[in-house]
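Fold and geometry: a report
Listed below are the residues making up each chain.
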Amino acid sequence: MDPEPLIVVDGANVVGSVPDGWWRDRRGAATRLRDALAARDTAALPASLLGAVTLVVEGAARGVPPVAGVAVQAAPQSGDDHIVALVADNVGRRPVVVVTSDRELRQRVRELGASIVSPGELRASIPYGGRRESI
């Protein structure tokens, strides 16, 4: 059996892609994203988003606890550096997909062997902005 892919979500980048006032409550916005990820309908997800989900948060969004189906990691410093380290630790053992639109981060993780999914593709597949009703 193939190992389960790891889906790493750049929380700050995805939250920042929805102009819903997230900047007034970064932890609340990250919590809403976490909850939307947990509520995802795996039968409706594109193959590129099937796997174990890890949401990476940073700065004022730290302190968001994990829930069933979504691991949460608080970056001690740079969220991008934490994501790169997470990819490096996993890419040799299983497929890794990073959800981000950050150009530099995309390049860094691609060089390690990760695939990329845009925040828009993710949002279109979960109840967080996009074409489904936002929570």
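Above this text is the structure in question.
Each chain carries its own residue numbering, running from 1 in the written order of its sequence. Where totals are concerned, whole chains, interfaces and linings use all residues; where local detail is concerned, this predicted model gives features only for residues with pLDDT of at least 70, and gives and counts side-chain atom pairs only at 80 or more. Water and hydrogen atoms play no part in the side-chain values, which are based on all heavy atoms of the structure.

A word on the packing of aromatic side chains
- The criterion for an aromatic pair is that two Phe, Tyr or Trp rings (for Trp, the six-membered ring) have centres within 6.5 Å, with stacked assigned to planes under 30 degrees apart, edge-to-face to planes over 60 apart and tilted to the rest. Here the structure, examined in full by the defined rule, presents one aromatic pair.
- Here Trp22 and Trp23 contribute two aromatic rings whose centre-to-centre distance is 5.6 Å and whose plane-to-plane angle is 80°, an arrangement assigned as edge-to-face.
- Residue exposure (1.4 Å probe, protein chains only): buried if accessible area is under 20% of the type maximum, exposed if over 50%, otherwise partly exposed. On the basis of relative accessible area, Trp22 is assigned to the buried category, the value being 19%.

Focus on the nonpolar core
- What is meant by a nonpolar core is a set of buried Ala, Val, Leu, Ile, Met, Phe, Trp, Tyr and Cys residues, joined one to another through side-chain atoms within 4.5 Å. Core analysis: the largest hydrophobic core is formed by 26 residues, its most contacted members being Val9, Leu33 and Leu37.
- Of all the secondary-structure elements, those providing two or more residues to this core are β1 (6-10), α1 (11-15), α2 (26-38), β2 (52-57), β3 (70-74) and β4 (96-99).
- Counting residues in hydrophobic clusters, the runner-up holds 14 residues, among them Val56, Ala75, Ile83 and Ala114. Counting from the N terminus, the helices are DSSP H or I runs at least four residues long and the strands are E runs at least two residues long.

Concerning helix α3 (residues 79-90)
- In a regular helix each residue adds 1.5 Å, so 12 residues correspond to 16 Å; α3 covers 17 Å between its end C-alpha atoms and thus fits that length.
- Taken together, the buried positions of α3 are occupied by Gly79, Asp80, His82, Ile83, Val84, Leu86, Val87 and Asn90.
- Summarising the contacts, the buried residues of α3 are in contact with β1, β2, β3, β4 and α4 (103-112).
- Sitting at the head of α3, Ser78 places a side-chain oxygen 3.2 Å from the backbone nitrogen of Asp80. Here the expected length of a helix is defined as 1.5 Å per residue gap, with one fewer gap than residues. Contacts between residues were defined by any pair of non-hydrogen atoms, one from each residue, lying within 4.5 Å. Polar contact is defined as a pair of N or O atoms within 3.5 Å, subject to the rule that within protein one atom must be able to donate a hydrogen and the other to accept it, and that residues adjacent in sequence are counted only when both atoms are side-chain atoms.

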